[in-house]
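Summary of the model geometry
Listed below are the residues making up each chain.
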Amino acid sequence: MNSSTILISLDGLAGFYLDLPQLQLPNLRTLIKRGTFARRLTITYPTSTWISHTSAITGCFPAKHGVLGNWTIDRARRSVIEHFGDQTNKESVVAVPTLYDVAKQAGLTTAALMWPVTRGARSLDFCIPPFYQQQMYTAHVDPGFWQALRDAQFTIDRYAAWSVNHGLGGGQDWLTLQIGEYLLETKRPELLMLHFLLPDSLQHDYGVHSPEAYYAMEHCDLLLGRLLNKLDTLGLREQTNIVVFSDHGHAPIDREVRPNVVLQQRGWQQRGDDMNRPSVDGELRLSDETKVAAVTNGGDGYLYIFAEGEERAALAREAQAALMETEAFDAILGPEHFAQLGLPRDHKDTPDYVLCAKPGYFVSHLASAASGESPLSGMWSGENGAITPAKFKSMHGYRPSMPEMDGFAVFSGPSYATGATIERMHLTDIAPTIAHTLNLELPDADGHRIPVES
Ligand SMILES: [Zn+2]
């Protein structure tokens, strides 16, 4: 049968939420009942959005696909690479073919809305990347497509405003759904990828198991129901496979650690080198005096050392000791652990160390010390401190071995088995599994096809 696929990512909807019968997700549960359900999805490291979506769509670990973090540092250029908000171009950062690359090559029509790391993707016939600045949409979305959406009266001028304001994130997902419906109606893509963000945004702001998190998930389920109705109306339901997954889970936090504050106080980083400056198509370079810098990937972070020989060895030793003194880290892992984490040792953005935060902490970019009184005690808290009460209530980005980081996956539609449950699969298995149902191959994939077919 000639089937098409809609791949939907529900950002941050942890696998454990689906164990809760009180959560009203009738549409998702219908897909589960009529399809094959992987109760837990192991995520690649770091368990953060831009990395995870690239792993899902390539079937590869970051070691192979090349998107190592939401933020990384290009060692040679000493510049902060911001994949977050699609500040980079897909063709220059993703090193292996994606599912939509091989789909396009086989002559299928492809579309992606809000899918991370799709800016400039040549194999997407219709693409709106997840930008946070409105001028990026006009600069990078195909002008003909953008104009067609404007002519059809979609409120595309709100995309950025609704993306940056978590409270309005429901509007962003609603807009994505409407444009998805429009594409189904007018372009009939054989591969359509949609990314809904509200469950992640509201968990960050209000916490795991908050009423706001539940609202976000039920909101996404309503959107899913509307999409299913649309497929029914268009007579496409019977020939459409729907795959829904989440890119990572969430875990509660209450403290923020700012490694760059420690590094600046020790004189290893130039004051004013702030990794958190927003850039629009600009380059954010570290000053020449900076020898050590950290970037965040949500919960965990990366540490980079810019020195050679003995100086490098000494800096590595002293920086690790200073950071461990904050008591915010479980472990600081060197290159001997990278293979196990699925990270490369020789990529231009490879860090020197991985900073693994303790449960309850998240790594922040910020280089400014906390101001004023702190309710926390400890030598690194309070004024000039690197440990502050967290701005967020929950976080991801930790090692996949943390059970809260698990996602889930559902495969539903004519190609998939009905009523089957798999205890666990891996994020890198998603693309090879879908590829098989589309008669495509992803020879570079690390993951494997899961036997979920009917
Ligand atoms: Zn995410």
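Residues numbered from 1 in each chain as written. Predicted model: local features only at pLDDT ≥ 70, side-chain atom pairs only at ≥ 80, totals over all residues.

Some thoughts on the overall build of the protein chain
Looking only at helices and strands, one finds 15 helices and 19 strands in the protein chain. Expected size for 454 residues packed as a compact globule is a radius of gyration near 22 Å; at 22 Å, the protein chain falls within 12% of this value. In terms of its C-alpha atoms, the protein chain occupies a principal-axis envelope of roughly 65 × 45 × 40 Å. Counting every position in the protein chain, which comprises 454 residues, the buried fraction comes to 55%. Across the protein chain, contacts joining residues at least 24 apart in sequence account for 73% of those joining residues at least 6 apart. (Helix = DSSP H or I, 4+ residues; strand = E, 2+ residues; numbered from the N terminus. Rg over C-alpha atoms; globule rule 2.2 N^0.38 Å. Buried ≥ 20, exposed ≤ 12 C-beta atoms within 10 Å, placed from the backbone. Contact = placed C-beta atoms within 7 Å.)

A look at the domain arrangement of the protein chain
Partitioning the protein chain into structural domains gives domain 1 (4–60 + 96–250 + 400–437) and domain 2 (252–395). Computed over C-alpha atoms only, the centres of domain 1 and domain 2 are separated by 31 Å. Listed per partner, the contact involves 14 residues of domain 1 and 12 residues of domain 2. Ranked by the residues each element gives to the side of domain 1 that touches domain 2, the list is headed by helix α10 (residues 198–206), at 4 residues. (Domains from an automatic or database assignment.)

Some remarks on the sheet that holds strand β14 (residues 353–357)
Taking strand neighbours across the sheet as the criterion, the 4 strands line up as β11-β12-β14-β13 in an open arrangement whose pairing is antiparallel. The sheet is open, and its two edges are formed by β11 (292–296) and β13 (329–333), each paired on a single side. The sheet shows a mean angle of 20° between the axes of neighbouring strands, direction not considered. Where strand β12 (residues 301–305) lies against β14, 3 bridges are found, and the strand directions are antiparallel. Bridging from a neighbouring strand, L303 pairs with Y353 of β14. (Pairing = 2+ DSSP bridges. Axes fitted to C-alpha atoms, helices over the stretch in contact; angles between N-to-C directions.)

A word on helix α11 (residues 211–233)
Owing to its 3.6 residues per turn, the α-helix brings residues three or four apart onto one side. Across its 23 residues, α11 extends 33 Å between first and last C-alpha, which sits within 8% of the 33 Å expected from 1.5 Å per residue. The complete set of buried residues in α11 reads A213, A216, M217, C220, D221, L223, L224, L227 and L231. Packed against the buried residues of α11 are β1 (4–10), α1 (26–34), α9 (169–186), β7 (191–196), α10 and β8 (240–245). The positive-phi residue at the C-terminal boundary of α11 is G235, with phi of around 70°. (Expected span 1.5 Å × (residues − 1).)

Re the nonpolar core
Soluble globular proteins: nonpolar side chains tend toward being buried together. Within the largest apolar cluster, 133 residues are counted, with the highest numbers of intra-cluster contacts made by L99, V243, L355, A357, A409 and V410. Counting residues per element, this core draws most heavily on α11, at 8 residues. In this structure, this core is formed jointly by two domains, domain 1 (4–60 + 96–250 + 400–437) and domain 2 (252–395), each of which donates at least three residues. For V243, the residues in contact, after removing those within four places along its chain, are T5, L7, A409, V410, F411, I430 and I434. (Core = buried A, V, L, I, M, F, W, Y, C linked by C-beta atoms within 7 Å.)

Describing the sheet that holds strand β3 (residues 71–74)
Within the open sheet, the 3 strands sit side by side as β3-β4-β10. Their pairing is antiparallel. Looking at the sheet topology across the chains shown, the edges are occupied by β3 and β10 (284–285). As paired elements, β3 and strand β4 (residues 79–82) share 4 bridges and run antiparallel to each other. By the bridge assignment for β4, T72 is matched with I81.

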